[in-house]
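A closer look at the structure
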Amino acid sequence: MPIKGVLITMLAPMENHIANGGEKLLGNASSIKRRPDGKVYISGQMQRHVLFSAIDRLNQDDTSKGNTYVSNGDGIGNAIEVDLRADLGGFMHPSKGDYSGRRTAPLSVTPAIALDQSEIGRDLMLRLSILDRNNAVATREFSQGDIMHMNFFLDINSLGLSKVFNYDDNFSIGSTYIKHINEAERKRRTKLYIEATKMMNDYANQARNAVSGEPQQVLIVFDTKMSRKASRYFVADETEKANILAELKERGAEYFIGDDTKGETSVAKAYSEALNYLESNTLYDPCGGDGNIKTFAEAFPAE
């Protein structure tokens, strides 16, 4: 059956980190983000930033990228056909005054949350100067070590497409889809998304300390339905895990599990098998083919 959604849930170890801290982009000054239960977390906004940074790097290296690019987060346009952030991440242009100025993101994420209560320390930092003996002193929080639970989902139903609602005398009479890219490009962008979740690295760095969110365990699901239930897999008990996998199998979904700590299928092998499955299967296409592709500007001309 055609693929309608791609869910990726994973666990990534982080040590001595303040992954959502720092004074640079999306940072949180000197305090680490934590929930009331004491578990540190990384915001969904930061997770999207890191994911799109990885997509950008992968796209730059792809010989099939054509004229596509990943726009900066503070200047997203609406050229879905070439801007991967506009397509996958959506946009909001209030000045347009109608739905053509708003796009719901096909790509969604959850905050990354530590599995267990975190142990927080403070790191002494100095700004050294040979001209002034009164060197600037600062302290910054860090978490000693966490296993971070992360979730990502791509809604194939809206990838590279725009949904248009039709009205007759102010009454809704249905909807149609407009296609902006061909099926080969839709599959290429799906591949970029999958590969990017394996390369989560552009977090806020404490004193140049490299922080990695690359997975230690992963579950990749190619679903026949719009469902995110499998995102609970790594925080569920053994009974619920078995039921989640059984439910996926019953409706014809395909899944791949990788674990670098045990078993015969590593994370790298799970990703490789998942990409092979993507290559040999089709994405759900509500337009029914590449016969009528339009750029966003052609589909929604400026008045």
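Structure: see above.
What comes next is a walk through the structure. Everything numeric in this text was worked out from a predicted model, so none of it was measured. (Residues numbered from 1 in each chain as written. Predicted model: local features only at pLDDT ≥ 70, side-chain atom pairs only at ≥ 80, totals over all residues. Heavy atoms only, no water.)

**Some details on the pairing of strand β1 (residues 5–17)**
For β1, a buried count of 10 out of 13 residues is recorded, marking the element as mostly surrounded by other parts of the structure. Pairing of β1 with strand β11 (residues 217–223) involves 7 bridges; the strand directions are antiparallel. The residue bridging Thr-9 from the neighbouring strand is Leu-219, located in β11. (Buried < 20%, exposed > 50% of the residue type's maximum accessible area, 1.4 Å probe, protein only. Helix = DSSP H or I, 4+ residues; strand = E, 2+ residues; numbered from the N terminus. Pairing = 2+ DSSP bridges.)

**Let's talk about the side chain of Ser-43**
Along the polypeptide, Ser-43 turns up in the loop between β2 (41–42) and α1 (44–61). Here the side chain of Ser-43 touches Met-46 through a polar contact of 3.1 Å, landing on its backbone nitrogen. Apart from residues lying up to four places away in sequence, Ser-43 is in contact with Asn-20, Lys-33 and Pro-111. (Polar contact = N/O pair within 3.5 Å; in protein donor to acceptor, adjacent residues only side chain to side chain. Contact = heavy atoms within 4.5 Å.)

**Points about α1**
Taking 1.5 Å of rise per residue, the 18 residues of α1 would be expected to cover 26 Å, and the 26 Å separating its terminal C-alpha atoms lies within 8% of that figure. Buried residues of α1: Gly-44, Met-46, Gln-47, His-49, Val-50, Leu-51, Phe-52, Ser-53, Ala-54, Ile-55, Leu-58 and Asn-59, and no others. (Expected span 1.5 Å × (residues − 1).)

**Some details on the packing of aromatic side chains**
For the coordinates displayed, the defined rule picks out 5 aromatic pairs. A centroid spacing of 6.1 Å and a plane angle of 85° characterise the contact between Phe-222 and Phe-256, whose relative ring orientation is edge-to-face. One end of the pair, Phe-222, is in strand β11; the other, Phe-256, is in strand β12 (residues 254–259), and 34 residues separate them in sequence. The same class applies to Phe-222 as to Phe-256, namely buried. Joined through ring pairs, the aromatic side chains of Phe-222, Phe-256 and Tyr-277 make up one cluster. The side chain of Lys-4 reaches across the aromatic face of Tyr-284, ending 4.7 Å from its centre. One residue, Lys-241, lies across the ring of Tyr-233, its end atom 5.3 Å from the ring centre. (Phe/Tyr/Trp six-rings, centres within 6.5 Å; stacked < 30°, edge-to-face > 60°. Lys NZ or Arg CZ within 6 Å of the ring centre and 35° of its normal.)

**Points about the packing of helix α3 (residues 183–196) against helix α5 (residues 267–279)**
In contact at an axis separation of 11 Å, α3 and α5 are set at 170° when each is read in the N-to-C sense. One way to sum up the angle between α3 and α5 is to call them roughly antiparallel. Of the residues in α5, those in contact with Lys-187, Thr-190, Lys-191, Ile-194 and Glu-195 of α3 are Tyr-271, Leu-275, Leu-278 and Glu-279. (Axes fitted to C-alpha atoms, helices over the stretch in contact; angles between N-to-C directions. Parallel < 35°, antiparallel > 145°, perpendicular 65-115°, else oblique.)

**A few points about the pattern of salt bridges**
In total, this model carries 18 salt bridges according to the counting rule given. A salt bridge links Arg-34 to Glu-141; the shortest N-O distance between them is 2.6 Å. Separated by 107 residues along the polypeptide, Arg-34 in the loop between β1 and β2 and Glu-141 in strand β8 (residues 136–155) bring together distant segments of the chain. The exposure class assigned to Arg-34 is partly exposed, which follows from its relative accessible area of 36%. Asp-87 is paired through a salt bridge with Arg-189; the nearest N and O atoms lie 2.7 Å apart. Of this pair, Asp-87 sits in helix α2 (residues 84–89) while Arg-189 sits in helix α3; the two residues are 102 residues apart in sequence, bridging distant segments of the chain. The buried category is assigned to Arg-189, whose relative accessible area is 1%. Each of Asp-62, Asp-87, Arg-103, Glu-185, Arg-188 and Arg-189 takes part in one network of salt bridges that share partners. (Salt bridge = Lys/Arg side-chain N within 4 Å of Asp/Glu carboxyl O.)

**Focus on α5**
It helps to recall that an α-helix has 3.6 residues per turn; residues three or four apart then point in one direction. Over its 13 residues, α5 extends 19 Å from the first C-alpha to the last, a length consistent with the 18 Å expected when each residue adds 1.5 Å. The complete set of buried residues in α5 reads Val-267, Ala-270, Tyr-271, Ala-274, Leu-275, Tyr-277 and Leu-278. Here the buried residues of α5 occupy an arc of 155° about the axis, which is enough to place them on one side. Set apart from the buried face of α5 by more than 90 degrees, the exposed residues are Asn-276 and Glu-279. Where α5 is buried, its residues contact β1, α3, β11 and β12. (Arc of directions from axis to C-beta.)

None of the figures reported here should be taken as evidence of function without further support.
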